[in-house]
Amino acid sequence: MNKIFIFLIAVTFISGYAAAQEIVPAANKKPFLTIETSGSFDLPMMDLKGSNGIRGIWAFQDYGTNIGFGSMLNLKFAVYNTKSMQLRTYLTLGYSHFVNDDNRAFTSYAKDGTVSFGYPYTSLNGTQYPFVKDTAGVSNLRMNMPYLALGVELGVYTDRRNRSSFNFGLDYNFNAITGRIYQTIAGANETFTTYKFNLRNGIGANISYSYKFQDYLGFHVGTRFTMPNIFGKASEMSDESWYMFLMDKGNTTLNPALSSSRNMAYFKFYAGLSLFFGKM
């Protein structure tokens, strides 16, 4: 009986130790799927940022924005692990919204400041090349940029339990750029001109830090730099009144002021919650 008793104790001890060895590594395993939801403060750069208020839009210098905000939903899938790193692919659904206000209004060739068929090649009277002129009034704009990004990310873990990591990502993105410019010339009613749907492709880069304070829940902070219109630039005449295209490609035949292409860029400073699923 003594031998049986000792044998049972030994088996129990060995089983408990083995189970402990199984549990600890499992807790340290890296997630297979990470879902991040974020809100952001967006800062326009390059030709997206206005150098002279909203006037730059009508002079074909820039896109007149001043500040922005946005949101993101990020799905990350692990594809390869090492002891302290993880390689992931990711898909991002995001949105950026840029705005600006100006204490001036502007006319290009129409008295109410709107555009009509043939802009920016044909003026209201049928002559070529409308011009921009400051006038008393106010104006404001919004530019909407929903996008989809496909990329690759490298996560570098900083602790043995794989709870915190620095993440470095690079992606190719698809952007739908639209917007609207509102004007109220002194003594007249408010009018607006709408950007038609413009599809552009670009690249983006992310640097973020994430921390897992529970097995399935954590937070992240980071910054993202995007150039949304590297590929697909175009300049076209308006095909209906009160609407115009993005006109980001240089085309002096269409208008002498379109002497060079315009390149948009912005920084996104974001933070949010992270959800972790699966083990790898």
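A quick note: this is a predicted structure, and the numbers were derived from the prediction, not measured.

**Section: the packing of aromatic side chains**
Within a pair of aromatic rings, the relevant descriptors are the distance that separates the centres and the angle that separates the planes.
So, step 1. Counted under the stated rule, the structure contains 12 aromatic pairs.
So, step 2. Centroid distance Phe32 to Phe77: 6.4 Å. Interplanar angle 65 degrees. Geometry classified as edge-to-face. Highlighted residues: Phe32 in the loop between helix H1 (2-28) and strand S1 (33-46) and Phe77 in strand S2 (residues 67-81), separated in sequence by 45 residues.
So, step 3. Overall, the relative accessible area of 32% leaves Phe77 in the partly exposed class.
So, step 4. Through a chain of ring-to-ring contacts, the aromatic side chains of Trp58, Phe60 and Tyr119 assemble into a single cluster.
So, step 5. Against the face of Tyr243 rests Lys196, its NZ or CZ located 6.0 Å from the ring centre.
So, step 6. Over the ring of Phe276 we find Lys212; its NZ or CZ atom is 5.6 Å from the centre of that ring.

**Concerning empty space enclosed by the protein**
One way to see where empty space is left: roll a probe the size of a water molecule over the atoms.
So, step 1. Per the counting criterion, the structure on display carries 3 cavities of 30 Å³ or more.
So, step 2. Within this model, the largest cavity holds a volume of roughly 110 Å³.
So, step 3. Lining the largest cavity we find 15 residues, and of these Arg88, Tyr157, Ser165, Ser210 and Phe276 sit closest to its centre.
So, step 4. By residue number, the principal contributor to the lining of the largest cavity is strand S7 (residues 164-185), which donates 3 residues.
So, step 5. Residues belonging to the lining of the largest cavity are distributed by class as follows: 3 nonpolar, 6 polar and 6 charged.

**Here we look at the pairing of S1**
So, step 1. Here S1 runs beside strand S11 (residues 264-277); their pairing, made up of 14 bridges, is antiparallel. From the neighbouring strand, Glu36 faces S11, where its bridge partner is Ser274.
So, step 2. Taken together, the 10 bridges between S1 and S2 define a ladder with antiparallel strand orientation. Paired with Thr37 across the bridge in S2 is Leu73.

**Examining the pairing of strand S9 (residues 217-231)**
So, step 1. For strand S8 (residues 190-212) and S9, the ladder comprises 11 bridges, and the chain directions are antiparallel. Within the sheet, the bridge partner assigned to Asn206 lies in S9 and is Arg224.
So, step 2. Pairing between S9 and S11: 10 bridges, direction antiparallel. Bridge assignment links His220 to a residue of S11, and that residue is Gly272.

**Concerning the nonpolar core**
So, step 1. Within the largest apolar cluster, 29 residues are counted, with the highest numbers of intra-cluster contacts made by Trp58, Met143 and Met244.
So, step 2. Put simply, the parts of the chain that give this core at least two residues each are helix H2 (55-58), strand S6 (137-157), S7 and S11.
So, step 3. Take this core: its biggest share by element is 5 residues, from S6.

**Quick word on the pattern of salt bridges**
So, step 1. The tally for this structure, following the rule as stated, stands at 12 salt bridges.
So, step 2. The partner of Lys76 in a salt bridge is Glu36, with the nearest N and O atoms 3.0 Å apart. Linking Lys76 in strand S2 with Glu36 in strand S1, this pair joins segments that are 40 residues apart in sequence.
So, step 3. Two residues, Glu240 and Lys196, come together in a salt bridge whose shortest N-O distance is 3.0 Å. Here Lys196 lies in strand S8 and Glu240 lies in the loop between S9 and strand S10 (243-244), a separation of 44 residues in the sequence.
So, step 4. Take Lys196: its relative accessible area is 18%, and that puts it in the buried class.
So, step 5. One salt-bridge network, in which partners are shared between bridges, spans Glu36, Lys76, Arg88 and Glu153.

Criteria and cut-off values
- Position labels on residues start from 1 in each chain and follow its written sequence.
- Thresholds applied to this predicted model are a pLDDT of at least 70 for local features of residues and 80 or more for the giving and counting of side-chain atom pairs; totals over whole chains, interfaces and linings are not thresholded and use all residues.
- Each side-chain value is derived from all of the structure's non-hydrogen atoms; neither hydrogens nor water enter the calculation.
- In this scheme Phe, Tyr and Trp rings, the latter by its six-membered ring, pair at centre separations within 6.5 Å, and the angle between planes marks the pair as stacked below 30 degrees, edge-to-face above 60, and tilted otherwise.
- In this text, helices come from DSSP runs of H or I with a minimum length of four residues, and strands from runs of E with a minimum of two, each type numbered from the N-terminal end.
- Each residue gets one of three labels from its accessible area relative to the maximum for its type: buried under 20%, exposed over 50%, partly exposed in between, using a 1.4 Å probe on protein chains only.
- Whether a charge lies above a ring is judged from NZ of Lys or CZ of Arg, which has to be within 6 Å of the ring centre and within 35 degrees of the ring normal.
- Whether a set of points on the 1 Å grid over the protein atoms alone is a cavity depends on a 1.4 Å probe fitting there but being unable to get out, while an open set qualifies as a pocket with protein on both sides within 12 Å along at least five of seven lines; lining residues are those with an atom within 4 Å of a point.
- Grid points are joined across faces, edges and corners, and a volume is the space filled by probe spheres set on the points.
- Think of it as three bins: nonpolar holds Ala, Val, Leu, Ile, Met, Phe, Trp, Tyr, Cys and Pro, charged holds Asp, Glu, Lys and Arg, and polar takes everything else, Gly as well.
- Whether two strands pair depends on DSSP finding at least two bridges between them.
- What we call a nonpolar core is a set of buried Ala, Val, Leu, Ile, Met, Phe, Trp, Tyr and Cys residues that are connected through their side-chain atoms within 4.5 Å.
- Whenever Lys or Arg places a side-chain nitrogen within 4 Å of a carboxyl oxygen from Asp or Glu, that contact is recorded as a salt bridge.

Function-wise, these values are silent; they only describe arrangement.
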